[in-house]
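Here are the chains, one letter per residue:
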Amino acid sequence: MVFFGVASKEDCVFDLFFGTDYHSHLGTRRAGMAVYSKEKGYDRAIHNIENAPFRTKFEYDIDDFKGRIGIGCISDNEAQPLIVNSRNGSFAITTVGRINNIEELKEECFECGRVQFLETSKGLINPTELVAALINLKDNIVEGIAYAQERIQGSMSMLLMFPDKIYAARDKYGRTPVIIGKKKGAHCVSFESSAFINLGYKYIKDLGPGEIVSIKEENFEIIEINKKDGLK
C-alpha cells in the first residue's frame, strides 16, 4: 500500500496521476485518486488494477478531473481514498498500514456514539473508514489524528485532504516512509522520493515517527506532538 499527494497553485492532476503511477511496482490490486476544485467539489475514481495497469485504468478519468489539490493511492485490498463528511468538515482520506486491534477499535467507536461501518464482500470493515471514525471522535482533526495513532496497535500512516491543505501523518514507529518534496508553486507528499523527482520536485524532508504536517502549495507546517502533555 502506498500514497501520493499534491498541493499546487496550478492544476495538480498531471502530477497526481504520474506520482501515484510511479508507485505501481508496490501494488497491483486497487488504486484510487481524489481531487478537489471549487467548481466541482470533491471528485474521485477507484479501480481494480489486477488485470490492467494503473495508467490504462485512469487515463479517461483524468480528462474529467480538475483541481489544485489531490491524493492518490495503491491499496492491497480496501477501496481508497474515501470521502468523509464529518463534524470536522468534509475530507478525503487514504491510509497505509495495518491495524491489529481492529475489532477493539470498532467497539470503541460504537460505544462513543451512533457510528456504523460498511462491510466489504468478505464481511470485514474498511480499515481506512475505521481510521476516519477514530479521528472524528475528537473535536479537531489534529487531535483526532494523534488519537488514532495512539489507539492503533500496528502501523498506520495517513493522508487527509481538505479543500485548502493536506494533513500527512507518519505511523508512530516509523515503519512506513512519508516524504515531502517541493517545486515552484507546489508541494507533494510521497511514499518514495523517486516518484516525485521525475516530476521536477526536490527532496525536502522525511517525516519522523508519529510526526504530523500540514501541507499547502506554498509551504508546509510541522505539527509537534508532546506525548506527555498533548499537542503543542
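Computed from a prediction, not measured in an experiment: that's the story for all the values here. (Residues numbered from 1 in each chain as written. Predicted model: local features only at pLDDT ≥ 70, side-chain atom pairs only at ≥ 80, totals over all residues. Heavy atoms only, no water.)

A. Structural context of the side chain of Ser-37. Within the secondary structure layout, Ser-37 lies in strand E2 (residues 30-37). Relative accessible area serves as the criterion here: at 5%, Ser-37 is assigned to the buried category. When neighbours within four sequence positions are excluded, Ser-37 is seen to be in contact with Lys-66 and Gly-67. (Helix = DSSP H or I, 4+ residues; strand = E, 2+ residues; numbered from the N terminus. Buried < 20%, exposed > 50% of the residue type's maximum accessible area, 1.4 Å probe, protein only. Contact = heavy atoms within 4.5 Å.)

B. Structural view of the packing of aromatic side chains. Under the criterion given, the structure shown has 9 aromatic pairs. Residues Phe-17 and Phe-54 carry aromatic rings whose centres are separated by 5.6 Å and whose planes lie at 40 degrees to one another, so their mutual orientation is tilted. Note that Phe-17 is positioned in helix H1 (residues 13-21) and Phe-54 in helix H2 (residues 54-58), a separation of 37 residues in sequence. We classify Phe-17 as buried; its relative accessible area is 5%. Measuring from ring centre to ring centre gives 6.3 Å for Phe-18 and Tyr-22, while their planes differ by 40 degrees; the resulting arrangement is tilted. (Phe/Tyr/Trp six-rings, centres within 6.5 Å; stacked < 30°, edge-to-face > 60°.)

C. Local environment of the pattern of salt bridges. With the rule as written, the count across this model stands at 9 salt bridges. When the shortest N-O distance is used, the salt bridge between Asp-21 and Arg-55 registers 2.4 Å. Here Arg-55 lies in helix H2 and Asp-21 lies in helix H1, a separation of 34 residues in the sequence. Residue Asp-21 is classed as buried on the basis of its relative accessible area, which comes to 11%. The salt bridge involving Arg-151 is made with Glu-104; its shortest N-O contact spans 3.1 Å. Separated by 47 residues along the polypeptide, Arg-151 in helix H6 (residues 141-151) and Glu-104 in helix H4 (residues 102-112) bring together distant segments of the chain. Put simply, Glu-104, Glu-108 and Arg-151 are held in one network by salt bridges that share partners. (Salt bridge = Lys/Arg side-chain N within 4 Å of Asp/Glu carboxyl O.)

D. Geometry of the pairing of strand E12 (residues 212-215). Burial of the side chains of E12 extends over both faces: Ile-212 and Ser-214 are buried on one face and Val-213 and Ile-215 on the other. Here strand E8 (residues 166-169) pairs with E12 via 4 bridges, running antiparallel. Residue Tyr-167 lies in a different strand from E12, and its bridge partner there is Ser-214. (Pairing = 2+ DSSP bridges.)

E. Summary view of the confidence of the model for the protein. In the predicted model, the protein carries a mean pLDDT of 90, and the fraction of residues at 70 or more is 91%. In the predicted structure, residues 228-232 sits below a pLDDT of 50 and forms 8 contacts with residues beyond four places in sequence or in another chain. (pLDDT = per-residue confidence, 0-100.)

F. Quick look at the sheet that holds E2. On the basis of which strands lie adjacent, the open sheet formed by 7 strands has the order E3-E2-E4-E1-E10-E9-E11 and antiparallel pairing. This sheet does not close on itself; its edge strands, each paired only once, are strand E3 (41-48) and strand E11 (202-206). The mean inter-strand angle of the sheet, taken between neighbouring strand axes irrespective of direction, is 15 degrees. Pairing of strand E9 (residues 179-183) with E11, which is carried by 4 bridges, proceeds in the antiparallel orientation. (Axes fitted to C-alpha atoms, helices over the stretch in contact; angles between N-to-C directions.)

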